[in-house]
Amino acid sequence: MPASLLTTIETSALPFEPYRTTPVAELEARIRSVKAELGEALLILGHHYQQDEVIQFADLRGDSYKLAQMAAESQLCRWIIFCGVHFMAETADILTRPEVDVILPDMAAGCSMADMADLDAVEAAWSDLSDVIDTDDLTPVTYINSAADLKAFCGRHGGIVCTSSNARAVLEWSFAQRKRVLFFPDQHLGRNTARAMGIPLAQMPVWNPAEPMGGHSEAALRASKVLLWRGHCSVHQMFRPAHVAQFRQQYPDVKVLVHPECQMSVVDAADLVGSTEFILKTVNEAPAGSTWAVGTELHLVNRLAAENPDKTVMFLSPMVCMCATMYRIDVPHLAWSLDNIAQGTPVNIVKVPDETTHWARVALERMLDVK
Ligand code: 13P
Ligand code: SF4
């Protein structure tokens, strides 16, 4: 065989297809063996919404905030496999040392909420708004569930990133700088957080990017305090106040605990609202015998129930509210991406361009500095 052809064969990435039909036990053994072989050069990060089959292999697990912190603090690894969705892998790439490569096992693991705001639409909104209000007095705040170029937009315009666990602190930081906020892409997190701070709903118009001036009069925009982008999480928006009422009727002692990506009417009907880490801590520390209905992603709630057998932990919806894109990360994709690292043909490296990295990092570091 000619040497050039041999080189081509040796350096081409392993195809994914055979992994679909390989028995899971064999794939799990491969994952363990590559992990052992790579040692500290490999760090597997997993978001709490991941399925059990995958999360068992995570070296560290967390919510979006904790995972961003862990990526920023990682010192030893050469590779990060991100078991989560695309914006999380981008964030890890932005915050890690330049020599670290971040891999997303399935590039189709996106986030439908992140896709609801893109740079062109946000730049167009900014330009429209500048005709009516002083944008030097407007802080752009992006939820971490957004593309890297939107984080960079925030960095460039004196803005910041938030997660569900620090949204209030970030809004307080923003109002200490300027008098108005443009919050994207999740209207529910923005509304729930700003309302808890005492901002009236009348001062929170929802910006519809499909309409001129977001669908508002100049007077309404001038009177605004928080402009909410018209985006939502397709998983969390499925919870309804009627689900809360049903649980209260059936279990009079139930405590209802929901994520702030839920609609305001659901948050109002619940007992407690908080990020994924808050939900975990609350249930884990609750007294034995207590009863909980939890409004967040299904895999997390099922795991919480299994890890707290002394409590009753139930899912707050008769429907299946699971994050279909998080679910794309499965054992075959994890094994495939690890095997490719091991044989020197890494696949699915998430690389954010340098200029975007610079400004997105500015906005992310502002967030990490907010206490
Ligand atoms: P947190 O991880 O910040 O709780 O957010 C939940 C979520 O929707 C992740 O995509
Ligand atoms: Fe996006 Fe919602 Fe899935 Fe989180 S749960 S990744 S916000 S679609």
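Per-chain numbering applies: the sequence of each chain, read as written, is numbered from 1 onward. Ligands are numbered from 1 and chains lettered from A, in the order in which they are written. Owing to the predicted nature of the model, reporting of local features is limited to residues with pLDDT of at least 70; listing and counting of side-chain atom pairs is limited to 80 or more, with chain, interface and lining totals taken over all residues. In computing side-chain values, all of the structure's heavy atoms are included and hydrogens and water are not.

A. Structural context of the overall build of the chain. In this text, helices come from DSSP runs of H or I with a minimum length of four residues, and strands from runs of E with a minimum of two, each type numbered from the N-terminal end. Scanning the chain for helices and strands turns up 17 helices and 13 strands. Here the chain has a C-alpha radius of gyration of 22 Å; the compact-globule value for 371 residues is 21 Å, and the two agree. Dimensions of the chain, computed from C-alpha atoms along their principal axes, come out at roughly 75 × 55 × 35 Å. Relative accessibility under 20% of the residue-type maximum defines a buried residue, over 50% an exposed one, and the middle range a partly exposed one, all with a 1.4 Å probe and only protein chains included. Of all 371 residues assigned to the chain, the portion counted as buried reaches 55%. Here the chain displays about 15500 Å² of accessible surface, and carbon together with sulfur accounts for 53% of that area. For the radius of gyration, the atom set is restricted to C-alpha positions; the globular benchmark scales as 2.2 Å times the number of residues to the power 0.38. All accessible areas in this document rest on Shrake-Rupley with a 1.4 Å probe, and a residue is counted as covered only by the protein chains that are shown.

B. Region of the structure containing the site of ligand 1. Note on terminology: near, applied to a residue and a molecule or strand, indicates that one of the residue's heavy atoms is within 4 Å of it. As a matter of local geometry, ligand 1 sits amid His47, Tyr49, Asp63, Ser64, Phe87, Met88, Tyr143, Asn145, Ser164, His259, Glu261 and Thr276. N or O atoms closer than or at 3.5 Å make up a polar contact, with two conditions inside protein: a donor-capable atom paired with an acceptor-capable one, and, for residues adjacent in sequence, both atoms drawn from side chains. At a separation of 2.8 Å, an oxygen atom of ligand 1 approaches a polar side-chain atom of Ser164. A distance of 2.9 Å separates an oxygen atom of ligand 1 from a polar atom in the side chain of Glu261. Bound to the protein, ligand 1 loses 96% of the 290 Å² it would expose on its own. For the shell around ligand 1, the per-class residue count stands at four nonpolar, six polar and two charged. In the scheme used here, Gly and all other residues not listed as nonpolar or charged are polar, with Ala, Val, Leu, Ile, Met, Phe, Trp, Tyr, Cys and Pro taken as nonpolar and Asp, Glu, Lys and Arg as charged.

C. Quick look at the state of the cysteines. In this description, the term disulfide denotes a pair of cysteine sulfurs within 2.5 Å. Enumeration according to the criterion identifies zero disulfides in this entry. With no disulfide of its own, Cys77 has Cys83 as its nearest cysteine by sulfur position, at a separation of 14 Å. For Cys77, a relative accessible area of 5% gives the class buried. Owing to a relative accessible area of 1%, Cys83 belongs among the buried residues under this scheme.

D. How the structure looks around the sheet that holds strand S9 (residues 226-229). Strands sit in the order S6-S5-S7-S9-S8 across an open sheet of five strands; the sheet is parallel. With one partner strand each, in any of the chains shown, strand S6 (160-162) and strand S8 (206-207) form the two edges of the open sheet. Two strands are counted as paired when DSSP detects at least two bridges linking them. Where strand S7 (residues 180-184) and S9 come together, three bridges link them in parallel fashion. Bridge assignment links Phe183 to a residue of S9, and that residue is Leu228. The contact definition used throughout considers only heavy atoms, calling two residues in contact when any of these lie within 4.5 Å. Between N-to-C directions, angles span 0 to 180 degrees; the directions come from axes that are lines fitted to C-alpha atoms, helices contributing only their stretch in contact. Along the sheet, helix H10 (residues 187-196) contacts strand S5 (138-143), S6, S7, S8 and S9; its crossing angle with S9, the most-contacted strand, is approximately 155°.

E. Here's a closer look at the side chain of Lys151. Examined against the element boundaries, Lys151 turns out to sit in helix H8 (residues 148-156). At 5.1 Å, Glu90 is the nearest oppositely charged side chain to Lys151, a buried residue that forms no salt bridge. Polar contacts involving the side chain of Lys151 include one to the main-chain carbonyl oxygen of Ser146, which spans 2.6 Å. For Lys151, the residues in contact, after removing those within four places along its chain, are Phe87, Thr91, Thr142, Ile144, Ser146, Val161, Trp359, Ala360, Ala363 and Leu364. Under the convention used here, Asp and Glu are negative, Lys and Arg are positive, and both His and the chain ends fall outside the count. For this analysis, a salt bridge means a side-chain nitrogen from Lys or Arg found within 4 Å of a carboxyl oxygen belonging to Asp or Glu.

F. A look at the packing of aromatic side chains. Aromatic rings from Phe, Tyr and Trp, with only the six-membered ring used for Trp, were paired whenever their centres fell within 6.5 Å, and each pair was classed as stacked if the ring planes differed by under 30 degrees, edge-to-face if by over 60, and tilted otherwise. Inspection of the entire model under this criterion finds six aromatic pairs. Their ring planes at 5° and their centres at 6.4 Å tell us that Phe16 and Tyr19 sit as a pair that is stacked. The two residues Phe16 and Tyr19 agree in class, both being buried. The interplanar angle of 70° and the centroid separation of 5.6 Å between the aromatic rings of Phe239 and Phe315 together place this pair among those described as edge-to-face. A residue pair is termed long-range when its members are at least 10 positions apart, and Phe239 in the loop between S9 and helix H12 (241-250) and Phe315 in strand S13 (residues 312-315) qualify at 76 residues.

G. Structural detail: unusual backbone geometry. For the peptide bond that leads from Phe184 to Pro185, omega is -5°, which places it in the cis range. Inspection of the secondary structure assignment puts Pro185 in the loop between S7 and H10. We note that Met213 has phi near 50°; this positive angle belongs to a residue other than glycine. By secondary structure assignment, the location of Met213 is in the loop between S8 and helix H11 (218-222). Located in the positive-phi region is Asn348, a residue other than glycine, with phi close to 55°. Checked against the element boundaries, Asn348 lands in the loop between helix H16 (331-342) and helix H17 (354-369).

H. Expanded view of the nonpolar core. Side-chain atoms within 4.5 Å link the members of a nonpolar core, which is a set of buried Ala, Val, Leu, Ile, Met, Phe, Trp, Tyr and Cys residues. The biggest cluster of nonpolar side chains holds 124 residues, and the ones touching the most others in it are Ile81, Phe82 and Phe183. Contact partners of Ile81, with chain neighbours within four places excluded, come to Leu42, Leu43, Ile44, Leu45, Ile103, Pro105, Leu334, Ser337, Leu338 and Ile341.

I. Representation of the sheet that holds strand S4 (residues 101-103). A sheet is described by the order of its strands in space; here four strands give the open sequence S2-S1-S3-S4, paired in parallel fashion. At either margin of the open sheet sits one strand with a lone partner, and together these are strand S2 (60-62) and S4. When strand polarity is set aside, the average angle formed by the axes of neighbouring strands in this sheet is 25°. In terms of strand pairing, strand S1 (residues 42-47) meets S2 through three bridges, oriented parallel. Within the sheet, the bridge partner assigned to Gly46 lies in S2 and is Arg61. Its contacts with the sheet put H16 on S1, strand S3 (79-83) and S4, and the angle it makes with S3 is roughly 170°.

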